[in-house]
Amino acid sequence: MPVNLKHRDFLKELDFTRHELQYLLDLSRDLKRAKYTGNERQRMAGKNVALIFEKASTRTRCAFEVGAFDQGAHVTYLGPSGSHIGHKESIADTAAVLAGFFDGIEFRGNAQTDVEELAEYSSVPVWNGLTDEWHPTQMLADFLTMLEHARGKVIQEVTYTYMGDARSNMGNSELVMGAIMGADVRICSPKELWPTKEVQDAAYARAEESGARIMLTEDPDEALPGSDFVMTDVWVSMGEPAEVWNDRINLLKPYQVNAAAMAKTGKDHARFLHCLPAFHDTNTVVGRDVAAKTGMDQGLEVTDEVFSSPANVAFAQAENRLHTIKAIMVATIGD
Ligand code: CP
């Protein structure tokens, strides 16, 4: 069955079928090959794209900008203090205004309801660059990276474990994306940091259709054996106050991705993923601050030993943000 994603929003994984997401992964692979071989055909010439970032970004912003430039489009960046959105002008009015200027709108902010409202009042596609609940553009990069390092396995044969704080955008998205795509998904986290029941129910419903295997457990010894990939994210998310650090670190210490955790997979070829940025050393202001307060100077959610090892494919994963975000734009507003 042909897939046509023209004029579609890209707000969360649950809005898409497995077939549609696989189409985006295939298109990402094709666009990556075309760029590498110098055969990229511009399908967004003359288009204009708005990038609204209410939070900081390195990868997502650069992926949208370079992806748009590669495809012949122009971008306008609206940073956290660069527009009236949400302050002097409602999201609905902003959507109506921007739709008159642009062919597509990227939005990174806090509430999922904000990006949903933007999409509701915009006549051009809206792409979710991260909210508190979902990080769907990241999922395409994660799955493309897993496919590239899966040693010939298709995604339905892949097993991955997400370790750490699983009740935020990354935990939600890794659970639901794996459920839609039919993977063996393991969420390993203290129970109070599991995705909500609503997210779990949605994942189990999609797993019924896809044949995905889902495990939620507090026990790394249950989750890690057999995992082809181990992934994690920072233990305190953007916007959370500094006071929560101590409690969160104590809660999550058993879920650190270290050499012992990687060994528990039982697979020499197990690979490590991280959406980045990662606190793996003291070469950042936050990393130094946390090390000084906690004594954890060898990394927080991942040790520097694992991060510096050949098992780490997070930089390939970061590059795949470009190819996958480009695919989303081409599929939804490309000629
Ligand atoms: N992973 C990710 O979203 O990176 P940025 O915050 O740098 O965009």
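Parameters at a glance
- Residues numbered from 1 in each chain as written.
- Predicted model: local features only at pLDDT ≥ 70, side-chain atom pairs only at ≥ 80, totals over all residues.
- Heavy atoms only, no water.
- Pairing = 2+ DSSP bridges.
- Helix = DSSP H or I, 4+ residues; strand = E, 2+ residues; numbered from the N terminus.
- Axes fitted to C-alpha atoms, helices over the stretch in contact; angles between N-to-C directions.
- Contact = heavy atoms within 4.5 Å.
- Core = buried A, V, L, I, M, F, W, Y, C linked by side-chain atoms within 4.5 Å.
- Buried < 20%, exposed > 50% of the residue type's maximum accessible area, 1.4 Å probe, protein only.
- Near = heavy atom within 4 Å.
- Polar contact = N/O pair within 3.5 Å; in protein donor to acceptor, adjacent residues only side chain to side chain.
- Areas by Shrake-Rupley, 256 points an atom, 1.4 Å probe, with all protein chains shown as cover.
- Nonpolar A, V, L, I, M, F, W, Y, C, P; charged D, E, K, R; others polar.
- Arc of directions from axis to C-beta.
- Expected span 1.5 Å × (residues − 1).
- Salt bridge = Lys/Arg side-chain N within 4 Å of Asp/Glu carboxyl O.
- Parallel < 35°, antiparallel > 145°, perpendicular 65-115°, else oblique.
- Left-handed = near helix turned anticlockwise from the far one by under 90°.

J.: Break down the sheet that holds strand E4 (residues 126–128) for me, with residues and values.
T.: In space, the 4 strands of this open sheet follow the order E2-E1-E3-E4, with parallel pairing throughout. Sheet topology places strand E2 (74–78) and E4 at the edges, where each strand pairs with a single neighbour. Taking each pair of neighbouring strands and ignoring which way they run, the sheet shows an average axis angle of 20°. Taken together, the 5 bridges between strand E1 (residues 48–53) and strand E3 (residues 104–108) define a ladder with parallel strand orientation. Bridge pairing in E3 links Leu51 to Glu106. Docked against the sheet, helix H2 (residues 59–70) engages E1, E2, E3 and E4, running at close to 155° with respect to E2. Helix H13 (residues 314–333) rests against E1, E3 and E4 of the sheet, and its axis sits at about 160° to E4.

J.: Provide a residue-level description of the nonpolar core, including the pertinent values.
T.: Counting residues in each nonpolar core, the largest one holds 59 residues, and the members touching the most others are Met146 and Tyr160. Discounting residues that sit within four places of it in the chain, Met146 has contacts with Ile155, Val158, Tyr160, Phe229, Met231 and Leu273. Core analysis: the second largest hydrophobic core is formed by 31 residues, Met163, Leu193, Trp245 and Val306 among them.

J.: Quick one: what's the story with the site of the ligand, residue by residue and with numbers?
T.: Around the ligand lies a shell of 11 residues, among which Ser57, Thr58, Arg59, Thr60 and Cys275 are the nearest. Cys275 has a polar backbone atom sitting 2.8 Å from a nitrogen atom of the ligand. Note that an oxygen atom of the ligand is positioned 3.3 Å from one of the side-chain N or O atoms of Arg321. About the coverage of the ligand: the protein hides 96% of its 250 Å² of free accessible area. Tallied by class, the residues present in the shell around the ligand amount to 3 nonpolar, 5 polar and 3 charged.

J.: Break down helix H4 (residues 112–121) for me, with residues and values.
T.: Residues of H4 that are buried: Gln112, Val115, Leu118 and Ala119. For H4, the arc enclosing every buried residue in end-on projection is 125°, short of the 170-degree limit, so these residues lie on one face. Counted as exposed and oriented over 90 degrees from the buried face of H4: Thr113 and Glu120. On the buried face of H4, the contacting elements are E1, helix H3 (91–101), E3 and E4.

J.: Give a description of the pairing of E3 that names residues and reports values.
T.: Most of E3 is tucked away: 5 of the 5 residues are buried. Burial of the side chains of E3 extends over both faces: Gly104, Glu106 and Arg108 are buried on one face and Ile105 and Phe107 on the other. Pairing geometry for E3 and E4, over 3 bridges, is parallel. Directly across from Ile105, in E4, lies its bridge partner Val126.

J.: An account of the side chain of Thr131 is needed here, citing residue identities and associated values.
T.: Locating Thr131 in the fold gives a position in the loop between E4 and helix H5 (136–148). Using a relative accessible area of 0% as the deciding quantity, one classes Thr131 as buried. Other than its neighbours up to four places away in sequence, Thr131 contacts Gly109, Asn110, Ala111, Gln112, Val115 and Asn169.

J.: Describe helix H6 (residues 169–181), listing the residues and the values that go with them.
T.: Relative to the 18 Å expected for 13 residues at 1.5 Å per residue, H6 spans 18 Å between its end C-alpha atoms, a close match to the ideal helical length. With 13 of 13 residues buried, H6 lies mostly within the body of the structure. Gly182 occupies a position one or two residues after H6 and carries a positive phi of about 90°.

J.: Tell me what's going on with the pattern of salt bridges, and back it up with residues and numbers.
T.: Using the criterion set out here, one finds 20 salt bridges in the structure. Note that Lys12 and Asp15 form a salt bridge whose closest N and O atoms lie 2.9 Å from each other. Taken together, the shared-partner salt bridges connect Lys35, Glu40, Asp70 and Lys326 into one network.

J.: So what's going on with the side chain of Lys32? Residues and values would help.
T.: Here Lys32 is to be found in helix H1 (residues 18–37). The class for Lys32 is buried, based on a relative accessible area of 13%. In this structure Lys32 touches Glu148, Glu319, Asn320 and His323, once residues within four positions along its chain are discounted.

J.: Go over the packing of H5 against H13 with me, naming the residues and quoting the values.
T.: At a closest axis distance of 8 Å, the pairing of H5 and H13 adopts a crossing angle of 120°. Taken together, the axis directions place H5 and H13 in an arrangement best described as oblique. With respect to the hand of their crossing, H5 and H13 are arranged in right-handed fashion. In this structure, H5 contributes Thr137, Gln138, Leu140, Ala141, Asp142, Leu144, Thr145 and Glu148 to the contact, and H13 contributes Ala316, Gln317, Asn320, Arg321, Thr324, Ile325 and Ile328. For the contact of H5 with H13, the per-class residue count stands at 6 nonpolar, 6 polar and 3 charged.

Spatial relationships are all this shows, so hold off on functional conclusions.
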